Amino acid sequence: MAIVAHQDDDLYFMNPLLVNQLRHSQLHVTVCLTAGEADGRNAPAGSEAHAALPVNFEGFAAARFNGLRRAYGEMVLGDRDAKWRRDAVTVGPGIEADLSTLVDAPQIRLVSLNLWCTPPPGSPSEAGPLQRLWTGEATVTPTMVPLGSPVSGSFVYSRESLIGALLHLLREVEPTLLWTMDPDPDRQLHDRANPQHADTGDYSDHIAHTVTGLFAHEAAQRWFAEGGGKATAVEAFRGYYVRRWPSNLSPEARAVKQRYKDIYGWADGLPADGPVGRGDRKVGGDAIGGGNASGTTLRYPGSQAWSAPGPNGRLSAFAVRGGQVVHWQQTDTGAFSPGRELAGAGFLPHVVALAAADGGLRLFTVRQKITAEPDRHGRASARPCCRRPRVTRTSAGSRSATPPGSTIRRSVGTSACRTPSRCPAVACCCSSATPTRD
């Protein structure tokens, strides 16, 4: 399951990993929060075609979704004109979303919530865009009805009902892999060498990407807290900051990414098959070679140190699932025992296991706290096998997962135990852990 802000975010920031997931998943659902209406003109800004087009927000949003369906059809079936079934589905009390199901591969689904990026004239006085909904500066964000959408009308989301809609989808899909936007983009100095581009404020990504990551993170944490997602890994992808990193993709992988992005962007030049067009012409000629899609980078990439031998020589393996560290231990037969959860929750995706002098293992991971109150956000390194991890140093002013303009606080440091016995070998830590659910 992937949760994105705009119709092309998965193609820019998650591919070519996305195409592999689509072809091998038993079920894949991509959820798009906004309608992505931009300026309502389906042409590159500054072009003659752009100047000649009337503003049509509902039409441009529909064209972008057409392009996304075409790209998915090509990725899954090799057919950009593959048939889709469109339905209105309920995602909360009195709220509908647009569901697209690929007819010849019904395990592939797109869910469009269609929130306005910028609420139009006539919206409720308390309405605001997604970022203000997260911070509480707005109490509602209205939805659009893109041309051709099967939903019965426009709806409004509150902060809680949007989290509730994502929670509803998580419960329904029960993904074992959840992909999100980056809830925690780095600060970025913008100058001649590093232009602003579409970054927001002093940060390295678009605010809608950040806030989508925050909403997804909050929904996931609530799902985990109620006992869901015991087998779920969560990964966040960097957004526009990718343009400032060396590309980590081969020429062949970049070509794959370019191909599907161009299908989304209606770069094939085929005539329109309806009133709104086959895709998003704003990016139809956008080359990804040195731009914000030149690589594909996880926000928290982790390391390879997630497995190590214990004092008996048998391997122990660790991973974060449902926000908790899970331990698998090799048995006498060479197979691994069922996973057992270690104490603690709210961890970022990866864990490091290091051998200690006493022959045991010490685990290190990072706990992130994101709330509706920006000054309470924080991040601390921790040892999952310790009962009370400690943070040795705190600094303010580094980027935490807060929208631009908010007060920022981040905790950093190395956890420490008062005595070695307070942080015992992993085998001891696991002895009282709760088994994972099959």
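Just above, that's the structure.
Residues numbered from 1 in each chain as written. Predicted model: local features only at pLDDT ≥ 70, side-chain atom pairs only at ≥ 80, totals over all residues. Heavy atoms only, no water.

A closer look at the overall build of the protein chain
Put simply, the test is: Each helix is a run of H or I in the DSSP string that is no shorter than four residues. Each strand is a run of E no shorter than two, and both are numbered from the N terminus. Each residue's exposure class comes from its accessible area (1.4 Å probe, protein chains only) as a fraction of the maximum for that residue type: buried when under 20%, exposed when over 50%, partly exposed otherwise. Residue contacts are defined here by distance: any two heavy atoms, one from each residue, within 4.5 Å place the two residues in contact. Accessible surface area values rest on a Shrake-Rupley calculation with a 1.4 Å probe, where residue burial reflects the displayed protein chains alone.
A count of helical and extended segments in the protein chain gives 9 helices and 18 strands. Split into buried and exposed, the 438 residues of the protein chain put 52% on the buried side. Long-range contacts, defined here as pairs at least 24 residues apart, represent 65% of the contacts in the protein chain between residues at least 6 apart. Of the roughly 18800 Å² that the protein chain leaves accessible, carbon and sulfur atoms contribute 52%.

Thoughts on the environment of Thr 331
In this fold, Thr 331 is placed in the loop between β12 (324–329) and β13 (340–341). Given a relative accessible area of 29%, Thr 331 falls into the partly exposed group. Along the backbone, Thr 331 and Ser 316 are 15 residues apart, and their C-alpha atoms lie at a distance of 9.8 Å. The residues contacting Thr 331, other than those within four sequence positions of it, are Arg 314, Phe 336 and Ser 337.

Concerning the side chain of His 28
Tracing the chain through its elements places His 28 in strand β2 (residues 28–34). Given the relative accessible area of 3%, His 28 is considered buried. Among all residues touching His 28, those that are not within four sequence positions of it are Met 1, Ala 2, Leu 18, Leu 22, Tyr 72, Gln 107, Ile 108 and Arg 109.

With respect to unusual backbone geometry
Cis geometry is adopted by the peptide bond preceding Pro 16, which originates at Asn 15 and carries an omega value of 10°. The topology assignment puts Pro 16 in the loop between α1 (9–13) and α2 (17–24). The phi angle at Ala 38 is positive, at roughly 50°, despite the residue not being glycine. Topologically, Ala 38 is positioned in the loop between β2 and α3 (48–52). Judged by relative accessible area, Ala 38 falls into the partly exposed class, the value being 47%.

Details of the sheet that holds strand β10 (residues 307–309)
Short version of the rule: Between any two strands, at least two bridges found by DSSP are needed for them to pair.
A sheet is described by the order of its strands in space; here 4 strands give the open sequence β10-β11-β12-β13, paired in antiparallel fashion. For this open sheet the edge positions go to β10 and β13, each flanked by a neighbour on one side alone.

So, the environment of Leu 348
Relative to the assigned elements, Leu 348 resides in the loop between β13 and β14 (352–355). Classification of Leu 348 by relative accessible area gives buried; the value is 11%. Along the backbone, Leu 348 and Gln 324 are 24 residues apart, and their C-alpha atoms lie at a distance of 8.8 Å. In contact with Leu 348, other than residues within four places in its own chain, are Tyr 300, Val 320, Thr 365, Val 366, Gln 368 and Arg 379.

Concerning helix α8 (residues 251–264)
Formally: Residue count minus one, scaled by 1.5 Å, sets the expected span of a helix.
If you check α8, its first and last C-alpha atoms are 20 Å apart, about what 14 residues at 1.5 Å a residue would give, namely 20 Å. At its buried positions, α8 is contacted by α1, α2 and α4 (57–77). The first or second residue beyond α8 is Trp 266, which carries a positive phi of 60°.

Considerations on the packing of aromatic side chains
This is how it is decided: Between the rings of Phe, Tyr and Trp (Trp by its six-membered ring), a pair exists once the centres lie within 6.5 Å; its type follows the angle of the planes, with under 30 degrees stacked, over 60 edge-to-face, and the other angles tilted. Here, over-ring charges are defined by two tests on the NZ atom of lysine or the CZ atom of arginine: distance to the ring centre within 6 Å, and angle to the ring normal within 35 degrees.
The full count for this structure, using the stated rule, is 7 aromatic pairs. With a centroid separation of 6.1 Å and 45° between ring planes, the pair formed by Tyr 12 and Phe 13 is classed as tilted. Of the two residues examined, Tyr 12 and Phe 13, each falls in the buried class. Considering the side-chain rings of Trp 179 and Phe 237, the 5.0 Å spacing of their centres and the 75° angle between planes classify their relative orientation as edge-to-face. Placement of Trp 179 in strand β8 (residues 177–181) and of Phe 237 in strand β9 (residues 233–237) is noted, with a sequence separation of 58 residues between them. Take Trp 179: its relative accessible area is 6%, and that puts it in the buried class. Here the aromatic residues Tyr 12, Phe 13 and Tyr 240 are joined through ring pairs into a cluster of three or more. A cation over a ring is seen here: Arg 159 above Trp 134, with NZ or CZ 4.1 Å from the ring centre. Taking the ring centre of Phe 60 as reference, the NZ or CZ of Lys 282 above it sits at 5.4 Å.

Purely spatial values, then, with no claim about function.
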